[in-house]
Amino acid sequence: MAEDTRLEIDIELFGGPEDGRTIKVPAQRDGVPTLPRWEFPQLPKERNREKLKAALAASPVIVYERPAEPSNGRWKYVYAGTRARS
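Residues numbered from 1 in each chain as written. Predicted model: local features only at pLDDT ≥ 70, side-chain atom pairs only at ≥ 80, totals over all residues. Heavy atoms only, no water.

This part takes up the packing of aromatic side chains. In total, this model carries two aromatic pairs according to the counting rule given. On the numbers, 6.1 Å between centres and 10 degrees between planes, the contact of Phe-40 with Tyr-64 is stacked. With Phe-40 in strand β3 (residues 37-41) and Tyr-64 in strand β4 (residues 61-65), the pair connects residues that are 24 residues apart, well separated along the chain. Overall, Phe-40 belongs to the buried group, its relative accessible area being 15%. An aromatic cluster is present here, built from Phe-40, Tyr-64 and Tyr-79 joined pairwise through their rings. Over the face of the ring belonging to Phe-40 we find Arg-21, whose NZ or CZ atom lies 5.5 Å from the ring centre. Note that Arg-66 overlies the ring of Trp-75, its terminal NZ or CZ placed 5.7 Å from the centroid. (Phe/Tyr/Trp six-rings, centres within 6.5 Å; stacked < 30°, edge-to-face > 60°. Helix = DSSP H or I, 4+ residues; strand = E, 2+ residues; numbered from the N terminus. Buried < 20%, exposed > 50% of the residue type's maximum accessible area, 1.4 Å probe, protein only. Lys NZ or Arg CZ within 6 Å of the ring centre and 35° of its normal.)

Right under this line is the structure:
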């Protein structure tokens, strides 16, 4: 049976609205994150469920990109801006 080679590592988001946040992402066996870019919706502060759904649908997407090399042995994805939802 093949060895399970799935690996997750922690990356830190640097700059932008999620500065300092750490998230787990899939990585290759050598510890390099599988994706060079992470995009996710900017979460609104709205608490009402219907208003939250509408706000989330219209919210921009936050973009963070991986540098060429890790910093001090840790991957820090750098804020690259936002884009409108397509």
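Now for unusual backbone geometry. We note that Asn-72 has phi near 55 degrees; this positive angle belongs to a residue other than glycine. By the element assignment, Asn-72 lies in the loop between β4 and β5 (76-83).

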